[in-house]
Amino acid sequence: MNRLITGAAALVIAAFFSSCNTAPSGPKQMTIGVSFETLQTEYWVAGFEAIKSELKKRNIQALEAIADGDANRQLEQINNFIARRVDGIIAVPKDAKTIIPMIKAANAANIPIVLYNRPADQTDAKSVAVVADNFAITKATVEYMCEQAKKTGKKYKAAILLGDLGDINAMGRRDGFEDAVKQYSDLIEVVARIPTEWNGEKARAGVTNALQANPDINFIFTSSDFMFPPIIQALKEAGKYKKIGEEGHVLLGGFDGDATAYQMLVDGYLDADGVQDVYFESEAAVQAVLEMKVGKDVPVKILDLGFVIHQGNLKEMAAKMWGAQVEK
Amino acid sequence: MTSFTCARSGAAVKVVMEDSAKQRREESAFVFEAKALRNPFVSEYSIFYLTILYFFALAPFTPGLASTENAANIFSNLLPLLIVALGQTVVLITGGIDLSVTSTIALSSVMGAMVMSGDQGWLGGSRWATIAGVVVMLLIGAVVGLFNGAAITIFRMPAFIVTLTTMMFASGLAIWLTKSKTIYNLPPSFNAIGKGSVFIVPYALVVTALLAVALHVMLSRSLAGRWLYAIGHNAKAAVVSGVPVGRTTRLAYVISGLCAAAASILYTGRMETGSPVLGQRILLDVIGAAVIGGTSLFGGRGKVIWTVCGVLFITLIDNSLNMLGLSYFFIMMVKGGVILLAALLDAWRNRLLAGR
């Protein structure tokens, strides 16, 4: 009897599926699927909120999905968007390679897809990427730091906290740093390149170890602002967390423009920060997906040129720094 | 029977009466159990009814949920998860647990990719790459499973701690081998196992169906299946009855490892990438799906069809709430709540069936 009921229920579901298979008629509100790999750092939260706010401003419904660092879950979520027949997809990929099957799936369903802040690896699949010019922004930030170092007339020993080197953004920032310090090789010697794989704990351990091996490190650049708290902790433990102008101040620079960096600038601990323009990137991503939807040609890469914020321009640039706008 | 063997006049009558009373109690407990199982909340099909109810309740409010495209999507999403959950079901039936499945998936994925990748694979470009990669992946699963089973049965260590440490070791090994990098450029013939189809039937469906049928036959028709249930009901009684408890338990963990490796083949194929963090977030879904289906965390209860229903339900929750645009955190809370309810129901059902 149970089997009979079960079989009948299965038939009813199958009939229901086939009867509901027609698209609804009449005008409908546009829907964009927004899939983020993670919301682990302030930057991603700010970007996620900015995209949703931009969509709301344009009366577009946002379907949200967070993959929690799992590329396979992201694939399933994007497949769900495709089954929901969304008008477009904006995704932050887990990495440059695992996103490729997702782009292919969106291409096959003729749904435009825009990658936010992290481009895909070399592929035939069609997508648009809105990315910060990691190399140029980092280079400008580190050059500013080097100029500050030059003014003191002292020699500097530098450390860089590297991101996950499978991430093209991390590689761009590393290259920007190396290119900048190369010009000041008589002044600055890089004594530590600390791999963090975007992990705060690894960052803290790495900085502590580097400071033990080279107690005279006096120049630190981090590839992401979210690693400032562990850096501050390690510097405090070493008695080296000093304000600009104080004896023993370690020249500090970062990348992102988050709220911690803003507060450090205001408090006089941070020398310079490369800022990604979250608002520009969000608006550009939404605009690109809408233009792709109507068949317009959109460049495969849209660059956010960003800017450097430092003690000299803090007042005028703070309004453009997203970290200054979010509540801590 | 006791009355006839030891009977002597009145004493024999007393024993017969005691036996009859015991038999009546057993019969009444059996009737109680049968009634309980007909109750929709403890019926073995309860999760299937709940899935149907849930689907019909949400379909009118969820655009696209009841489309054939989404049905295909739901089945595509559930197939690899079902394979891992089936392996877990076999272990749960013995009263054990296998927490290492997610790391087995990751380790198999990177080892297979290291063999097959056209960029840096040991057999990259060779026509044997896919076969060798699949064999290596399955071998990894079997070895991890055998290690778990051996540690649990030979050294009498708790399954929880053995599989937890195996999980940490295998996960660390996968990350160390790849230095956290993903491995790309896998052979198209391998990727096809995860994404391709023969006519309209996906290969993944064929693999999953074959595995599910094989496990169903083993559990319901074979001596090994009866041994697995016997161990889960009462391992000491199983030993006394002559069941090779050690060997059968090791078999359960090897099956679980092999299933995790088979799932890894599907996951890796559809992502076209070997990843050291593949499947790291699905452990709750795997155990949750088996328990939601009705497999008992206390051992001795579990069926392939129940796990199929459990996986279907948990995948439908993910799919529908995602399509409704609800936040990830809300989806996690709903899933956590459903799994907790299923575990509570399992504990309640256990007490009910124990006649207390």
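About the criteria used
Residues numbered from 1 in each chain as written. Chains lettered and ligands numbered in written order. Predicted model: local features only at pLDDT ≥ 70, side-chain atom pairs only at ≥ 80, totals over all residues. Helix = DSSP H or I, 4+ residues; strand = E, 2+ residues; numbered from the N terminus. Buried ≥ 20, exposed ≤ 12 C-beta atoms within 10 Å, placed from the backbone. Contact = placed C-beta atoms within 7 Å. Nonpolar A, V, L, I, M, F, W, Y, C, P; charged D, E, K, R; others polar. Core = buried A, V, L, I, M, F, W, Y, C linked by C-beta atoms within 7 Å. Domains from an automatic or database assignment. pLDDT = per-residue confidence, 0-100. Pairing = 2+ DSSP bridges. Axes fitted to C-alpha atoms, helices over the stretch in contact; angles between N-to-C directions.

Some thoughts on the overall build of chain A
Helix and strand content of chain A: 12 helices and 12 strands. Counting only C-alpha atoms, chain A reaches 85 × 45 × 40 Å along its principal axes. Looking at chain A as a whole, 49% of its 328 residues are labelled buried. Counting only contacts in chain A whose residues sit at least 6 apart along the sequence, the fraction spanning at least 24 positions is 73%.

Here's the deal with the interface of chain A and chain B
Of the residues lining the interface, 37 residues belong to chain A; the matching set on chain B comes to 37 residues. Every element with two or more residues in the side of chain A that touches chain B is listed here: helix 1 (2-19), strand 2 (61-66), helix 3 (71-83) and helix 4 (100-108) of chain A. At 9 residues, the largest contribution of residues to the side of chain A that touches chain B is made by helix 3 of chain A. Looking at side-chain class alone, the side of chain A that touches chain B contains 14 nonpolar, 12 polar and 11 charged residues.

Some points on the environment of Trp122(B)
Along the chain, Trp122(B) falls in the loop between helix 5 (101-116) and helix 6 (129-154). With near-sequence residues (within four places) excluded, Trp122(B) lies in contact with Met114(B) and Val115(B).

So, the nonpolar core
The biggest cluster of nonpolar side chains holds 188 residues, and the ones touching the most others in it are Ile90(A), Ala91(A), Val114(A), Phe219(A), Ala285(A) and Cys259(B). Ranked by residues supplied to this core, first place goes to helix 12 (residues 245-271) of chain B with 15 residues. The residue makeup of this core includes at least three contributed by each of domain 1 (28-132 + 278-305) and domain 2 (134-275 + 309-325) of chain A. Not counting residues within four places of it along the chain, the set of residues in contact with Ile90(A) comprises Ile32(A), Val34(A), Ile51(A), Val114(A), Tyr116(A), Ala285(A) and Val289(A).

A short note on the environment of Gly112(B)
Take Gly112(B): it is sitting in helix 5. Setting aside anything within four residues of it in sequence, one finds Gly112(B) in contact with Gly133(B), Val136(B), Met137(B), Thr268(B) and Gly274(B).

Describing the domain arrangement of chain A
Residues and elements named next belong to chain A. Looking at chain A, the domain boundaries give domain 1 (28-132 + 278-305) and domain 2 (134-275 + 309-325). Opposite the 11 residues of domain 1 that make contact, domain 2 presents 12 residues. Per element, the largest residue contribution to the side of domain 1 that touches domain 2 is 3 residues, and it comes from helix 2 (residues 42-57).

A short note on the confidence of the model for chain A
Of all residues in chain A, 91% attain a pLDDT of 70 or more, and the chain-wide mean is 90. Note on residues 18-25 of chain A: pLDDT under 50 across the span, and 6 contacts to partners over four residues away in sequence or across chains.

Quick look at the sheet that holds strand 6 (residues 156-162) of chain A
Backbone-to-backbone hydrogen bonds join strands into a sheet, with any given pair of strands oriented parallel or antiparallel. All names here are of chain A. The strand order across the open sheet formed by 6 strands is 7-6-8-9-10-12, and the pairing between neighbours is mixed. Edge positions in the sheet fall to strand 7 (188-195) and strand 12 (307-310), since each has one partner strand and no second. The sheet shows a mean angle of 15° between the axes of neighbouring strands, taken without regard to direction. Where helix 7 (residues 200-213) meets the sheet, it contacts strand 6 and strand 7, and its direction lies at approximately 145° from that of strand 7.

Some remarks on the confidence of the model for chain B
All names here are of chain B. On average, residues of chain B score 87 in pLDDT, and 87% of them reach the 70 mark or higher. pLDDT under 50 marks residues 1-18. Its contacts with residues more than four places away, or in other chains, come to 9 contacts. Two summary scores accompany this predicted model of the complex, namely pTM at 0.80 and ipTM at 0.78.

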